[in-house]
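Below are the chains, spelled out letter by letter.
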Amino acid sequence: MNMQCVKVPWAMYYSKEKFEMTFPDTWKIEVSEMAGGPDIGDTGIRESFANPIGSQKLSDIARGKTSAAILIDDLTRPTPAGKLIPYILEELEAGGIHEDQVRIIAAVAAHRAMIRGDFIKKLGQDIVDRMQVICHNADDNLDFLGHTSRGIPLWVNRDFMSCQVRIALGMITPRGGFFGGGAKLVLPGASGRVSIAANHRYIHEGFREHLDEVARIVGLNFLVNPCLNPDLEIDALVTGDPVDAYWKGVEIGKKVYASPFPDQPDIVVFNAWPKDSEFTQAGMAMVPLRGGNADKLKDDTTVVLATASPEGMGFHSVFGAGAELRGKPSPQRWRTIVFSPNLNKWDVLLMYGEHVTFCKTWEEVLTELKKNHGDTAKVTVFPYGSIQYCD
């Protein structure tokens, strides 16, 4: 049988090679492409810093201060921190804060700690070799700031709170019912485990508005949040007030991440890239489904969750396998296949129980799909599933 091929990006931070997904040529294949936009380049980045939203310029905020902290995310997110930090340092220098007075803090929340090799992937070796780069610990080195209006105890990284200028460098990214970015780098990113667990356990309605409050409590001064196109170039950038800039970023994000959702497909493949470094994050491949699109699938649709997961299972001390908020695996609404060459059946059992079929090779995936759908099938592939927005 002749085959047709869809090439998808694969193994963020670990490979630039694309993975080839093959399908029988009798199947109808559709690729849901993201709207995206052109790279704004140096000119666009400088324009954003020169015109912050709802805020003074960062150089003006820095004036008269003697220290600054920059929160960054980890390898589970594709934020191009190494590209944007030089612009932040330039602004701080203009305001009188030299880079030796700046610390970069990996706001890893309840994820695993980052080590030197991870920081080089994220920031580039030059920044890692010359600057203070440290990793947040959700169990220690925390300041207690009291409770939010919703009753959440707020423990925040002491190294961050000890600096006079506090900056969050994350990214605007769809998460289904809301968008990531903004003050999420503070809670959960730079917060204690007690705060992280309480926030996830008790704050559901008004989740983002609660984070806006957290930004004010901790004195977050400045936000730097890009949107990324399918090539992970910066196609939009918001800077400025952590609340106002975030919500402007969401408006933009709904446009640049926009992707069509199929109607009544037989098979849907959700690729977890660019949040595919580890299996604990792989569920974000299904973000396109969380925007109210579940009813567009048939009862007998087969869902394929594809993840490179070069780090294997990965780690999350609050939501990972066996963690306090993970809960027992529950049945999936649709027939579901989990595909990854870097996992084994025990990894998948821990996260999904007996409710999914695990395939280690793409050939195994095709065998399962043919078994259920025969020689004709309507297939949609989401190549960048974890950052695609389907309204």
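For the structure itself, look to the data block above.
Residues numbered from 1 in each chain as written. Predicted model: local features only at pLDDT ≥ 70, side-chain atom pairs only at ≥ 80, totals over all residues. Heavy atoms only, no water.

Caption draft 1: Representation of the side chain of Lys122 within the structure. Mapping Lys122 onto the fold places it in helix 4 (residues 116-123). Lys122 sits in the buried class, given a relative accessible area of 4%. Residue contacts for Lys122: discarding those within four places in its chain leaves Tyr13, Ile72, Asp73, Asp74, Leu75, Arg77, Pro78, Thr79, Ala81, Gly82 and Met114. (Helix = DSSP H or I, 4+ residues; strand = E, 2+ residues; numbered from the N terminus. Buried < 20%, exposed > 50% of the residue type's maximum accessible area, 1.4 Å probe, protein only. Contact = heavy atoms within 4.5 Å.)

Caption draft 2: Quick look at a nonpolar patch on the surface. On the surface, a nonpolar cluster with roughly 290 Å² of combined accessible area is contributed by Phe144, Trp155 and Val194. With respect to the element layout, Trp155 can be found in strand 8 (residues 153-157). (Patch = residues over 30% accessible without salt bridge, like charges linked within 9 Å, V, L, I, M, F, W, Y side chains within 5 Å. Areas by Shrake-Rupley, 256 points an atom, 1.4 Å probe, with all protein chains shown as cover. Salt bridge = Lys/Arg side-chain N within 4 Å of Asp/Glu carboxyl O.)

Caption draft 3: Main features of the sheet that holds strand 15 (residues 302-306). A sheet is described by the order of its strands in space; here six strands give the open sequence 3-18-14-15-16-17, paired in parallel fashion. Each of the sheet's edge strands pairs with one partner strand only, and the pair in question is strand 3 (28-31) and strand 17 (357-359). For this sheet, the mean angle separating the axes of adjacent strands, direction not counted, is 20°. The sheet contact formed by strand 3 and strand 18 (residues 378-382) spans four bridges and is parallel. Each residue of the ladder has a partner; that of Glu30, found in strand 18, is Thr380. Set on the sheet, helix 11 (residues 362-373) makes contact with strand 14 (267-271), strand 15, strand 16 (335-339) and strand 17; between it and strand 16 the angle comes to about 165°. (Pairing = 2+ DSSP bridges. Axes fitted to C-alpha atoms, helices over the stretch in contact; angles between N-to-C directions.)

Caption draft 4: Inspection of unusual backbone geometry at higher detail. Here Leu187 and Pro188 are connected by a cis peptide whose omega angle stands at 15°. As for its placement among the helices and strands, Pro188 is situated in the loop between strand 11 (179-180) and helix 7 (193-202). The linkage connecting Trp273 with the following residue, Pro274, adopts the cis geometry, with an omega of 5°. Within the secondary structure layout, Pro274 lies in the loop between strand 14 and strand 15. One non-glycine residue, Tyr13, adopts positive backbone phi at about 75°.

Caption draft 5: Looking closely at the sheet that holds strand 5 (residues 102-106). Spatially, 6-5-4-9-12-13 is the arrangement adopted by the six strands of the open sheet, whose pairing is mixed. Because the sheet does not close on itself, it has two edges, and the strands there are strand 6 (132-135) and strand 13 (234-240). Neighbour-to-neighbour, the strand axes of this sheet turn through a mean angle of 20°, independent of strand direction. Of the strand pairs in this sheet, strand 9 (residues 165-169) and strand 12 (residues 222-228) are connected by three bridges, and their pairing is parallel. By the bridge assignment for strand 12, Ala168 is matched with Leu223. Packing of helix 1 (residues 41-50) onto the sheet brings it into contact with strand 12 and strand 13, and relative to strand 13 it is tilted by some 20°.

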